[in-house]
Structure formats: structure tokens, C-alpha cells
Amino acid sequence: MTTLLNSGSKKWALALAVLAPASFLAAIPWLKDQPDGIVYLFAGIAATITVLASFALAVIEDRKMDEWHRTASRFASQWGWITGGGIVAILLALPPVHGAIIGLSATMAGIPDPDPTLVVMAFTLGFMAVVLAQALCTMVLSVIWRARKSRSE
């Protein structure tokens, strides 16, 4: 296992984590003309590769950490998620951000005048789904951790 988690693996994992979504974004002009099934397949493959590469990077980096680094990582994760989510939630209330989301969506989809309410609502619901999934996963992993650590040996 240790040989799998060397610096060469880190470079490959980092490359995959960056190249998969970049390739998907670069393929959007071509994907616009493809059937939905092809688009979802490519999106799923890119997302899966990105998530797996991110997991690999997390494991590689975690194995190199001492207590001080783990404490810093915990602090950053705990407050970074909350702060980032809060900032996005506040920004979603601002009309200039709505305009930017609608403009970017229109450009990427090749639709000159998309329904602004639908675009902002879809983006907001997607954001809410991510935040809820993170909260649910945090709770479930906390319960698993506590149950595992509190059982008698």
C-alpha cells in the first residue's frame, strides 16, 4: 500500500483531479449537440474520476501529517465549510450574482435568453443539495466514529 501512496501517485492523482473536470468543460461545445445520455455519461465519468482522485490525494496527504498538521486541517475544514457555504448563501441573494450565474449558464448552454428564475433556482437547489449532503455525511460519519471508538475492546 505504501508504494501506491508515493509522490508519483500524488502527481497522478492531482493530474486526474484537475484534468477530468477541465476535459469535461472543454468538451461542452461538442456535448451541447449530443444526446442527454452521452452528456450524463461524460459528466458522471468526470465526476467519478475527480472524486476518486480527491480521495486518493486526501489519503496521501493524511499519511504525511503529524498532530499539528491534523489539528490545522481539522480547524480549516470545520470553519472553511461553514464560512464558504455561508458566503455562497449570502451571494445568492445578490442580483449581480444572479446575473453572473445566468450569463455563464447561457454561454455554456448556448442559449441566448434562458429563463432567469429557472437558472437561479436550479443553481440554488444544487447548492442546497451539496450543503445538505455534506451535513448528512458529517452526521453519519460522526455517529460511525463515535460508535467505533466507544465500543469496548
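Calculation rules
Residues numbered from 1 in each chain as written. Predicted model: local features only at pLDDT ≥ 70, side-chain atom pairs only at ≥ 80, totals over all residues. Heavy atoms only, no water. Phe/Tyr/Trp six-rings, centres within 6.5 Å; stacked < 30°, edge-to-face > 60°. Helix = DSSP H or I, 4+ residues; strand = E, 2+ residues; numbered from the N terminus. Buried < 20%, exposed > 50% of the residue type's maximum accessible area, 1.4 Å probe, protein only. Core = buried A, V, L, I, M, F, W, Y, C linked by side-chain atoms within 4.5 Å. Contact = heavy atoms within 4.5 Å.

Asker: Pulling in residues and values, what's your account of the packing of aromatic side chains?
Answerer: A complete count under the given rule lists one aromatic pair for this structure. A centroid spacing of 5.6 Å and a plane angle of 55° characterise the contact between Trp30 and Phe42, whose relative ring orientation is tilted. Of the two residues, Trp30 is situated in helix H2 (residues 28-31) and Phe42 in helix H3 (residues 36-63); the sequence distance between them amounts to twelve residues. You can call Trp30 partly exposed: its relative accessible area is 43%. Residue class for Phe42 comes out partly exposed when judged on its relative accessible area of 36%.

Asker: Tell me what's going on with the nonpolar core, and back it up with residues and numbers.
Answerer: By size, the foremost hydrophobic cluster in this structure holds six residues: Leu92, Ile101, Ile102, Val119, Val120 and Phe127. If you list the elements that add at least two residues to this core, you get helix H5 (95-109) and helix H6 (116-150). For this core, the element with the highest residue contribution is H6, accounting for three residues. Excluding residues that lie within four positions of it along the chain, Phe127 makes contacts with Gly85, Val88, Ala89 and Leu92.

Asker: Just give me the short version of the environment of Ile101, but keep the residues and values in it.
Answerer: Its location among the elements puts Ile101 in helix H5. A residue is classified by how much of its surface remains accessible, and Ile101, at 11% relative accessible area, is buried. In this structure the C-alpha to C-alpha distance between Ile101 and Phe123, which are 22 residues apart in sequence, comes to 8.0 Å. Setting aside its immediate chain neighbours within four residues, Ile101 contacts Leu92, Val119 and Phe123.

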